[in-house]
Amino acid sequence: LEQILESAKQLPAAEQDQTLRALGQVFYGLRDFEKAESIFKQLAASPANANDIQMQIVVFTIQRDAGDDAGMEETLAKIKEVAPGGELNQYYQFC
């Protein structure tokens, strides 16, 4: 998996995004929350995903499962920034 992850960095942007999402899901399934979080944070930080609430929810979910309270607070703040309506947004309230 590490070799695939390194190879993904050489792919065109669209293919890289899809490959990283798949690898993030695999690492999450293997309960390697640190690697999964790293991948999804990288994806969430890309300009194409900057306002993607779903991506932030994935990061939040990984942090929740890892018991990372500080990370969840940080991600919740990002969701509040991105979500229309801030604290009143259903995604923010869900988290």
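To be clear, the structure that these remarks concern was listed above.
Reading the values: the criteria
Residues numbered from 1 in each chain as written. Predicted model: local features only at pLDDT ≥ 70, side-chain atom pairs only at ≥ 80, totals over all residues. Heavy atoms only, no water. Axes fitted to C-alpha atoms, helices over the stretch in contact; angles between N-to-C directions. Helix = DSSP H or I, 4+ residues; strand = E, 2+ residues; numbered from the N terminus. Parallel < 35°, antiparallel > 145°, perpendicular 65-115°, else oblique. Left-handed = near helix turned anticlockwise from the far one by under 90°. Contact = heavy atoms within 4.5 Å. Nonpolar A, V, L, I, M, F, W, Y, C, P; charged D, E, K, R; others polar. Salt bridge = Lys/Arg side-chain N within 4 Å of Asp/Glu carboxyl O. Buried < 20%, exposed > 50% of the residue type's maximum accessible area, 1.4 Å probe, protein only.

1. Things to note about the packing of helix H2 (residues 13-29) against helix H3 (residues 33-45)
At their nearest, the axes of H2 and H3 sit 8 Å apart, and the two run at 155° to each other. Relative to H3, the element H2 lies roughly antiparallel. Helix-helix and strand crossings are classified by hand; for H2 and H3 the assignment is left-handed. On H3, the residues that touch Asp17, Leu20, Arg21, Leu23, Gly24, Gln25, Phe27 and Tyr28 of H2 are Phe33, Lys35, Ala36, Ile39, Phe40, Gln42 and Leu43. Across the contact of H2 with H3, the residue classes break down as 9 nonpolar, 3 polar and 3 charged.

2. Quick look at the pattern of salt bridges
As a working rule, side chains carrying opposite charge can pair if their charged atoms are close by. With the rule as written, the count across this model stands at 7 salt bridges. Lysine 35 is the salt-bridge partner of glutamate 2, the closest N and O atoms lying 3.4 Å from each other. Highlighted residues: glutamate 2 in helix H1 (residues 2-8) and lysine 35 in helix H3, separated in sequence by 33 residues. Of the residues examined, lysine 35 reaches a relative accessible area of 23% and is grouped as partly exposed. Close ionic contact of lysine 41 with glutamate 37 constitutes a salt bridge, the shortest N to O distance being 3.3 Å. Of this pair, lysine 41 and glutamate 37 both sit in helix H3, 4 residues apart, which is roughly one turn of the helix. Residue classification places lysine 41 among the partly exposed residues on the basis of a relative accessible area of 31%. Taking relative accessible area as the criterion, glutamate 37 reaches 13% and is therefore assigned buried. One network of salt bridges, in which partners are shared, links Glu37, Lys41, Glu74 and Lys78.

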